[in-house]
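Given next are the chains, with one letter for each unit.
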Amino acid sequence: MALTTLATAMVEPVVTIKLASTSDELLQCYALRAAVFMGEQACPYWEEFDGNDYAASHIIMYVDGEPAGTMRLRWFQSFCKLERCVVLRRYRGLGVHHEINAWAKRFAQRKGYTRVYVHLQKRHLAMMEKEGFRRVDDRIFRFSDHEYYAVYCDLTPADNAVKLDTDPMVVNRPEDRLDETGILEKSVVRGATNPRAPHVARLRN
Amino acid sequence: MVDIPQSIGGEPVTTRLAMKMEDSLQAFAVRAACFIGELDVPYSEEFDGHDFGATHIVAYVGEEPVGAVRMRWFQSFAMPERLAVIQRFRGHNIGQLLLERCRKLAESRGCTTMYVQALPGDVKYWEKLGWRRLVAEEPGAAPKRIVAMVRAVDPNKPLPEVEAPEAVLLRLEPQLDASGLPLGRVSN
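Residues numbered from 1 in each chain as written. Chains lettered and ligands numbered in written order. Predicted model: local features only at pLDDT ≥ 70, side-chain atom pairs only at ≥ 80, totals over all residues. Heavy atoms only, no water.

Undergrad: A description of the pairing of strand E3 (residues 66-75) of chain A should follow, citing residues and the corresponding values.
TA: Regular strands place their side chains on alternate faces of the sheet. Residue and element names in this part refer to chain A. Of all ten residues making up E3, nine are buried, and the element is well covered by its neighbours. Sheet analysis places strand E2 (residues 57-63) next to E3, joined by seven bridges and oriented antiparallel. Each residue of the ladder has a partner; that of Ser-57, found in E3, is Leu-73. In textbook terms, the turn of a hairpin is the stretch between consecutive antiparallel strands, and for E2 and E3 this stretch comprises two residues, one of which, Asp-64, has a positive phi near 50°. One ladder, built from six bridges, connects E3 with strand E4 (residues 80-87); its direction is antiparallel. Bridged to Trp-75 within E4 is Cys-80. (Buried < 20%, exposed > 50% of the residue type's maximum accessible area, 1.4 Å probe, protein only. Helix = DSSP H or I, 4+ residues; strand = E, 2+ residues; numbered from the N terminus. Pairing = 2+ DSSP bridges.)

Okay, here's the thing in structure tokens:
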């Protein structure tokens, strides 16, 4: 029995995915992208770190606690753009990129999006078609030494999507934990003390 | 000594002490590309907790960050480590340029000794560049995984005696949370 458990533990990696929400987690995202795009695909630094990193959401994936994959999401009016998706070489073949994609789609759905959009390297089209992605049109375009298709996937509107009438305190929560009580809700016990109250007095509440 | 490149493909080759977040990110990106991307080093070993107690130097070809090295400072020596040059920019002695910048920085701080931990296969290369083994090689000894090497900051002055047990140097600072990060993996 113990042996079976051990064997299962060895073949079933523990995958954790979250929104990068600290500087360390962001650094992990950047390091993984540098490893894959600069290290493996010889992408120049300034093309990889293109100026959009501070206008985006970043996802970090851990496999058995080790940073293993990442994806960047940018938010437009009619779609969420999934980009800069990598899985570190040693974690490939486990199919974990499907989990990043699925997480990103659910995340976008919860924020009210019904479409995700990807600039896809041509070689990945078959894989992404299986996930429900379709080409936007016939265009093929080229940047950073690869040929790309624009593809999209329509998402089912989520019942719990954030809308104008969503509880304002839910909107305030960390975006990947909208169902958990957030730090600002805990601040409610302090009441509407005014900001001119001495800091110590506010802490005492 | 080796030739230090002035320019590659018409682009000037320069080094810069990392002073801003963006500079540090460039150093981290170069190391991630080389150590994690090429050599398959796990993230938690590459980013080992020493990065925010160290000095980083970045090498550029034009505006492109192409190399990096990290310097840690001890009372009796300065320690360059995590030396990396992006694959397609190798063969131009950019590593030497970075180490020379390390040497000058150490000199400006009054250091007398530089210390590195070299892979056994690289010892001859370091020796050609003026470094020597901290401890003389014993004939018939078991092969080492890491070789401690030293050189004088000022080549005209003799090298003082230094003691540097590498198993300790590679460890995390004691105040750091040990969970999740490997402790003193390398022994001599």
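Undergrad: Would you mind going over the environment of Gln41(A) in detail, with residue names and values included?
TA: Residue and element names in this part refer to chain A. Residue position: Gln-41 is located in the loop between helix H2 (23-40) and helix H3 (45-48). When its relative accessible area of 24% is taken as the criterion, Gln-41 is described as partly exposed. When sequence neighbours within four positions are dropped, the list of residues in contact with Gln-41 reads Val-36, Gln-121, Arg-123 and His-146. (Contact = heavy atoms within 4.5 Å.)

Undergrad: Summarise the confidence of the model for chain B; cite the residues concerned and give the values.
TA: Fine structural detail should not be taken from predicted coordinates in areas where pLDDT scores are low. All names here are of chain B. Looking at chain B, pLDDT values average 86 and 84% of them are 70 or higher. Segment residues 172-188: pLDDT under 50, and 29 contacts once partners within four positions in sequence are set aside and those in other chains are kept. Interface confidence for the predicted complex, expressed as ipTM, amounts to 0.82; the pTM equals 0.85. (pLDDT = per-residue confidence, 0-100.)

Undergrad: Which residues make up the packing of H2(A) against helix H1 (residues 21-38) of chain B, and what are the values?
TA: It is at 7 Å that the axes of H2(A) and H1(B) come closest, and there the two elements cross at 60°. By the angle between their axes, H2(A) is oblique relative to H1(B). Helix-helix and strand crossings are classified by hand; for H2(A) and H1(B) the assignment is right-handed. The residues of H1(B) that touch H2(A), namely those facing Leu27(A), Tyr30(A), Ala31(A), Ala34(A), Ala35(A), Met38(A), Gly39(A) and Glu40(A), are Leu25(B), Phe28(B), Ala29(B), Val30(B), Ala32(B), Ala33(B), Ile36(B), Gly37(B) and Glu38(B). (Axes fitted to C-alpha atoms, helices over the stretch in contact; angles between N-to-C directions. Parallel < 35°, antiparallel > 145°, perpendicular 65-115°, else oblique. Left-handed = near helix turned anticlockwise from the far one by under 90°.)

Undergrad: Go over the pattern of salt bridges with me, naming the residues and quoting the values.
TA: Side chains that differ in charge, positive against negative, can pair when their charged atoms come close. Enumeration over the complete set of coordinates arrives at 34 salt bridges over all chains. Put simply, Arg33(A), Glu48(A), Asp50(A), Asp53(A), Arg72(A), Arg74(A), Lys81(A), Glu83(A) and Arg84(A) are held in one network by salt bridges that share partners. (Salt bridge = Lys/Arg side-chain N within 4 Å of Asp/Glu carboxyl O.)

Undergrad: Describe the interface of chain B and chain A, listing the residues and the values that go with them.
TA: Contacts between chain B and chain A engage 22 residues on the former and 21 residues on the latter. Both sides of the chain B and chain A interface together cover about 1,900 Å² of buried area, and 60% of this is carbon and sulfur. Counting the surface chain B buries against chain A, the share from its top three residues, Leu25(B), Asp40(B) and Tyr43(B), is 30%. For the pair chain B and chain A, the interface holds one salt bridge. Where Arg90(A) meets Asp40(B), a salt bridge forms, and the shortest distance between an N and an O atom there is 3.8 Å. Every element with two or more residues in the side of chain B that touches chain A is listed here: H1, helix H2 (43-46) and strand E4 (64-73) of chain B. If one sorts the elements of the side of chain B that touches chain A by residue count, H1(B) sits on top with eleven residues. (Buried area = accessible area lost by both parts, 1.4 Å probe.)

Undergrad: Would you mind going over the nonpolar core in detail, with residue names and values included?
TA: Within the largest apolar cluster, 93 residues are counted, with the highest numbers of intra-cluster contacts made by Leu82(A) and Ile94(B). Among all residues touching Leu82(A), those that are not within four sequence positions of it are Met71(A), Arg72(A), Leu73(A), Ala104(A), Val116(A), Tyr117(A), Val118(A) and Phe133(A). Counting six residues, the second largest nonpolar core, distinct from the first, contains Phe77(B), Met79(B), Tyr115(B) and Ala148(B). (Core = buried A, V, L, I, M, F, W, Y, C linked by side-chain atoms within 4.5 Å.)

Undergrad: Describe the side chain of Thr113(B), and please don't skip the residues or the numbers.
TA: Secondary-structure assignment places Thr113(B) in strand E6 (residues 113-118). Polar contacts involving the side chain of Thr113(B) include one to the side chain of Thr112(B), which spans 3.3 Å. (Polar contact = N/O pair within 3.5 Å; in protein donor to acceptor, adjacent residues only side chain to side chain.)

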